[in-house]
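Working through the structure, step by step
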Amino acid sequence: MNARTWTAIFLIAAIAGGCPVPAPMGQAIGNSDGSNSNANANSSDPGANSNSGTNSNSGEPSNGTTGKPFVDPGVYGDGSAGERVVSTALRVGDQGDVNLQYTDFIVAPGVTMTVQSGTLIRCTGTFRNEGTIVVLPGAEGGDRTGFDDSTLDGATRPAALGIATRAAAAGEIGGIASGRTGGGEGSGLSEFEARQTLRIGVKAGGGGGASIDGGASGGGFFAVIAGGEIQNLGLIIAAGADATERAGGGGGGGGVILLASLTAVSNAANAGIHADGGDGGPATENAAAGGGGGGGVVHLIAPEVKNDGVMTALGGAAGADGAADSVTAALRSGGGGGGASGGNGGKGGGVPAGATATPSSALPGANGHALITAANPTALVK
C-alpha cells in the first residue's frame, strides 16, 4: 500500500477511537456550524470563569450598591456623632459638641442655630435646614487707641485681611491744619479666585479699616460637606458686621458659605443664603464716613444644584454723609476703608483742612460672588 492509503487508514482509526484530530492551519476550531463553543460561562463549576465580556465597572468606587457612589470618610466624615436634630436655639460648640461628623443633620423650623466662624459640618447622609443659621464674624476690624487733640502719639491696629488680596486701610488722622484722607479699600477676589478658595478657616471676610473709632469685623466662614443631599428651606446668613455705631469705621467684608454634596444641593423657593458686606460708619464731628464692606462668597457644589430661592453677596452701603461744615473737632480722621471679601470694599471719605470742614462721601462695597459649580466635590474639598 502507498503512503496515501496508510494515512487514510490512520485517520479513520483515530476518529473511531475518539482521539482529537488537529485541524489544518487557518481553520476555526468550533462547532460544525462555524460557531465558537468556548464561552467560559459554565456557572455550575465553582472554578469556571463567568466573564461574559461585559465590564460592569463604571469607573467610580461604590458602597456595594449599584449606582451609589463611595462616600469617602476622609471628606464626608465617618458619621461617628450620629444623627442630630436641632430643635431649640443654640450656639454650636457650647454643648461640648466638638465632633461635627454626623450621619444626618436637621435644623428644625423656627429654630435659630448660631455657628462660630470656621464651623464645618460633615454628613455621611443628608443635611436639611428649615430654620435660620447665623454665622458669627471672623476677621477683626482695625482699631485706634491713645489719640487725642493734644497728641497724635497713638496706636493703630490694622484690619485683618481675611480672604482678600489687600486689607482695608485706616483713615488718616491729625489736626485741622491739613486735610485727612480716607482709608483705602480692601481688594477682593475675582470670580475665578473665589471658585478656587474652598479651604478657609476662621477668617473669611476682611475687617473694616479704622477711623476715629474702629472698623467692623468681617463675616465668618460656614461649610457643610455631605454625602447625601443638602436642602436649605430656611435662611443661612454670614454677613459682614456694620460699623454704624462707630464714627467713620469701615464695614466688614461679607463672609463665605460653602455647601458641597456628593448628591445634590437645593435652595428652596422662599429660602435664602446671604453673605453680604457690612455698612460703613457715619460721618461725625470728628470723622468722615467709612466705606462699605465688599460682598462675600456663596458657593454651591454638587452634581445637581437647584436654586429656586435667593442667593446674595451684596456690597455694604457707605456710611452716612455729614452735613456742610459738620466736622468741627480739633482731632479728626478720614473714614476707614471697607473690608474686602469676594468684592472690593469702599474707600473711606476724606476731611479737608480748616476749623470747620465738609467731609467728602465714602464709597459702597462692591458685590461679591454667588456661585454654582455642577461637579462631584470630593476632590475639590478633600
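Residues numbered from 1 in each chain as written. Predicted model: local features only at pLDDT ≥ 70, side-chain atom pairs only at ≥ 80, totals over all residues. Heavy atoms only, no water.

**Brief notes about the overall build of the chain**
Test applied: Helix and strand labels come from DSSP, where a helix needs a run of H or I of at least four residues and a strand needs a run of E of at least two; each type is numbered from the N terminus. Exposure is judged per residue with a 1.4 Å probe applied to protein chains only, and the accessible area is read against the type maximum: over 50% gives exposed, under 20% gives buried, and values in between give partly exposed. Any two residues whose heavy atoms approach within 4.5 Å at even a single point are treated as in contact. Here the Shrake-Rupley method, with its probe set to 1.4 Å, supplies the accessible areas, and only the displayed protein chains count as covering residues.
When helices and strands are counted, the chain shows four helices and 22 strands. In the chain, buried positions account for 44% of the 382 residues. Residue pairs at least 24 apart in sequence account for 70% of intrachain contacts in the chain once pairs closer than 6 positions are excluded. Carbon together with sulfur atoms contributes 52% to the accessible area of the chain, which is approximately 17,700 Å² in total.

**Brief notes about the pattern of salt bridges**
Under the convention used in this document: Any Lys or Arg side-chain nitrogen located within 4 Å of an Asp or Glu carboxyl oxygen qualifies as a salt bridge.
Overall, the coordinates contain nine salt bridges when judged by the stated rule. One salt bridge in this structure joins Asp-94 and Arg-91, with 3.2 Å as the shortest N-O distance. Since its relative accessible area comes to 32%, Arg-91 is described here as partly exposed. A salt bridge links Asp-308 to Lys-306; its shortest N-O distance comes to 3.8 Å. Exposure remark for Asp-308: the relative accessible area of 46% places this residue in the partly exposed category. Taking relative accessible area as the criterion, Lys-306 reaches 49% and is therefore assigned partly exposed.

**Re the nonpolar core**
What counts is decided by this rule: Side-chain atoms within 4.5 Å are what join buried Ala, Val, Leu, Ile, Met, Phe, Trp, Tyr and Cys residues into a set we call a nonpolar core.
Within the largest apolar cluster, 31 residues are counted, with the highest numbers of intra-cluster contacts made by Phe-105, Met-113, Ile-121 and Leu-259. Broken down by secondary-structure element, the contributors of at least two residues to this core are strand 4 (105–107), strand 5 (112–115), strand 6 (119–123), strand 8 (132–135), strand 12 (221–226), strand 15 (256–261) and strand 18 (297–302). Among residues more than four places away in sequence, those in contact with Phe-105 are Arg-84, Val-86, Met-113, Ile-121, Cys-123, Thr-126, Phe-127 and Arg-128. Counting 20 residues, the second largest nonpolar core, distinct from the first, contains Leu-189, Leu-198, Phe-221 and Val-381.

**What to know about unusual backbone geometry**
Its identity as a non-glycine residue notwithstanding, Asn-270 has a phi of 70 degrees, on the positive side. Turning to its location among the elements, Asn-270 is positioned in the loop between strand 16 (264–267) and strand 17 (272–274). Notably, Asp-325 is not glycine yet its phi reads approximately 55 degrees, a positive angle. By the secondary structure assignment, Asp-325 is in the loop between strand 20 (310–312) and strand 21 (332–333).

**As for the side chain of Asn-267**
Mapped onto the elements, Asn-267 comes out in strand 16. If near-sequence neighbours (up to four positions away) are discounted, Asn-267 is found in contact with Asn-232, Gly-272, Ile-273, Lys-306, Asn-307, Asp-308, Gly-309, Val-310 and Met-311.

**Quick notes on the sheet that holds strand 4**
Worth spelling out the cut-off: Should DSSP find at least two bridges between two strands, the strands are taken to pair. Interaxial angles span 0 to 180 degrees and are taken between N-to-C directions of axes, which are lines fitted to C-alpha atoms, for helices over the stretch in contact.
A sheet is described by the order of its strands in space; here six strands give the open sequence 1-4-7-13-16-19, paired in parallel fashion. Whereas interior strands pair on both sides, the edge strands pair on one side only; in this sheet they are strand 1 (84–86) and strand 19 (304–307). Across the sheet, the mean angle from the axis of one strand to that of its neighbour is 5 degrees, orientation sign disregarded.

**Details of the packing of aromatic side chains**
Working definition: an aromatic ring pair is given by the centre-to-centre distance plus the angle between the planes. Cut-off, in case you're wondering: Pairing of aromatic side chains here covers Phe, Tyr and the six-membered ring of Trp, requires ring centres within 6.5 Å, and sorts the geometry by plane angle: under 30 degrees stacked, over 60 edge-to-face, intermediate tilted. A ring has a charge above it when a Lys NZ or an Arg CZ is no more than 6 Å from the ring centre and no more than 35 degrees off the ring normal.
Applying the stated criterion across every chain yields a total of two aromatic pairs. Relative to Phe-105, the ring of Tyr-102 has its centre 5.0 Å away and its plane inclined at 70 degrees; by these criteria the two rings are edge-to-face. The burial state of Tyr-102 is the same as that of Phe-105; both residues are buried. Aromatic pair Phe-105 and Phe-127: ring centres 5.3 Å apart, planes at 10 degrees, arrangement stacked. Separated by 22 residues along the polypeptide, Phe-105 in strand 4 and Phe-127 in strand 7 (residues 127–129) bring together distant segments of the chain. The same class applies to Phe-105 and to Phe-127, which are both buried. Chaining the aromatic ring pairs together yields one cluster made of Tyr-102, Phe-105 and Phe-127. When the ring centre of Phe-147 is taken as origin, the NZ or CZ atom of Arg-144, which lies over that ring, is 5.6 Å away.

**Quick notes on the sheet that holds strand 5**
With parallel pairing, six strands are arranged side by side in an open sheet as 2-5-8-14-17-20. Looking along the sheet, the strands with just one partner apiece sit at the ends: strand 2 (90–91) and strand 20. Direction of pairing for strand 8 relative to strand 14 (residues 235–237): parallel, over a ladder of three bridges. Each residue of the ladder has a partner; that of Ile-133, found in strand 14, is Ile-236.

**Here we look at the pairing of strand 16**
On strand 16, burial covers both faces: Ala-264 and Ser-266 on one face and Val-265 and Asn-267 on the other are all buried. When strand 13 (residues 230–232) meets strand 16, the two strands line up parallel, connected through three bridges. Residue Gln-231 lies in a different strand from strand 16, and its bridge partner there is Ser-266.

**What about the environment of Asn-286?**
Going by this rule: Two N or O atoms count as a polar contact when they lie within 3.5 Å, although within protein this holds only if one can serve as hydrogen donor and the other as acceptor, and sequence-adjacent residues are included solely when both atoms are side-chain atoms.
Looking at where Asn-286 falls in the secondary structure, it is placed in the loop between strand 17 and strand 18. Separated by 38 residues in sequence, Asn-286 and Gly-248 have C-alpha atoms that sit 8.7 Å apart. Those residues in contact with Asn-286 that lie beyond four places of it in its chain are Ile-212, Ala-247, Val-327, Ala-329, Leu-331, Arg-332 and Ser-333. Side chain to side chain, Asn-286 and Thr-284 meet in a polar contact 2.7 Å long.

**Some words on the confidence of the model for the chain**
The line we're drawing: The quantity known as pLDDT measures the predictor's confidence residue by residue, on a range of 0 to 100.
Scored by pLDDT, the chain comes out at a mean of 86, with 82% of its residues at no less than 70. Below pLDDT 50 for its whole length, residues 1–62 participates in 21 contacts with residues either more than four positions away or in separate chains.

**Some thoughts on the side chain of Asp-72**
In this structure, Asp-72 sits in the loop between helix 1 (3–16) and helix 2 (73–76). Apart from the residues lying within four places of it in its own chain, the contact partners of Asp-72 are Gly-77 and Lys-382.

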